[in-house]
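# Fold and geometry: a report
Each chain, written out:
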Amino acid sequence: MSKLHFTLTRRVNAAFIVVRGLAAFSFIMWTRPRPLLRAVVGCIAGFAAGLLQRGSVKASPALFARASSALEVRRAFMSNRAGKASIALLWATGLALVAVALAGGGNPFVAAIAGYVAFMLVREVTSFGAIGAIGQGPRDNQHAF
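Structural notes, computed from the coordinates. Note that the coordinates shown come from a computational prediction; the quantities given were computed from them, not determined experimentally.

## Details of helix H6 (residues 108-127)
Owing to its 3.6 residues per turn, the α-helix aligns residues three or four sequence positions apart on the same side. Given a rise of 1.5 Å per residue, 20 residues ought to cover 28 Å, and the 28 Å separating the end C-alpha atoms of H6 matches this to within 8%. The buried count for H6 comes to 14 of 20 residues, which makes it a mostly enclosed element. Looking at where H6 begins, the residue whose side-chain oxygen comes 3.2 Å from the main-chain nitrogen of Phe109 is Asn107.

Quick look at the structure:
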């Protein structure tokens, strides 16, 4: 059996949460005017994406347990509807944050990054609990090939 991809471990995800939390705080505090709208949009979308990721991991735990590369992790996400929606929301949020940042004042590039880092932080926090489902084997409705 191959080694679990490092992004699917609790330690790495906890580190992601800390780093993204510090980055979100820094970008929000650094940007003038404060990108509060972008941060709120990022947090709401991040919560939705985190719930979708939880659902995807719980629907296909065996596929995630066998994933040993980033491409295999993405393939596991694409194996079910929740994972596909999570990936689509990731891209849609990025585009929406750029559009909202361009419409606002200040530095739109930094404001969009602040919103996206807030998105990533909330997504990681929301989906963190699903990591425990990896390695528990397939559910009744999921067949691992």
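## Side note on the environment of Gly115
Tracing the chain through its elements places Gly115 in helix H6. Exposure remark for Gly115: the relative accessible area of 0% places this residue in the buried category.

## Quick word on the side chain of Arg20
The topology assignment puts Arg20 in helix H1 (residues 10-30). Its relative accessible area of 16% is what places Arg20 among the buried residues.

## Remarks on helix H4 (residues 70-77)
Burial in H4 covers these residues: Val73, Ala76 and Phe77. Down the axis of H4, the smallest arc covering the buried residues is 100°, so these residues share one side. Residues of H4 that are exposed and point over 90 degrees away from its buried face: Leu71 and Arg75. Buried residues in H4 make contact with helix H2 (36-59), helix H3 (61-66) and helix H5 (81-103).

## Notes on the pattern of salt bridges
Counted by the stated rule, this structure contains 2 salt bridges. The salt bridge involving Glu124 is made with Arg20; its shortest N-O contact spans 2.9 Å. With Glu124 in helix H6 and Arg20 in helix H1, this pair connects stretches of sequence that are 104 residues apart. The pair Glu124 / Arg20 is uniform in exposure class, with both members buried. A relative accessible area of 7% means that Glu124 is categorised as buried. Overlapping salt bridges, with partners in common, bring together Arg20, Arg123 and Glu124 in one network.

Thresholds, definitions, all that
- Residues numbered from 1 in each chain as written.
- Predicted model: local features only at pLDDT ≥ 70, side-chain atom pairs only at ≥ 80, totals over all residues.
- Heavy atoms only, no water.
- Helix = DSSP H or I, 4+ residues; strand = E, 2+ residues; numbered from the N terminus.
- Expected span 1.5 Å × (residues − 1).
- Buried < 20%, exposed > 50% of the residue type's maximum accessible area, 1.4 Å probe, protein only.
- Polar contact = N/O pair within 3.5 Å; in protein donor to acceptor, adjacent residues only side chain to side chain.
- Arc of directions from axis to C-beta.
- Contact = heavy atoms within 4.5 Å.
- Salt bridge = Lys/Arg side-chain N within 4 Å of Asp/Glu carboxyl O.

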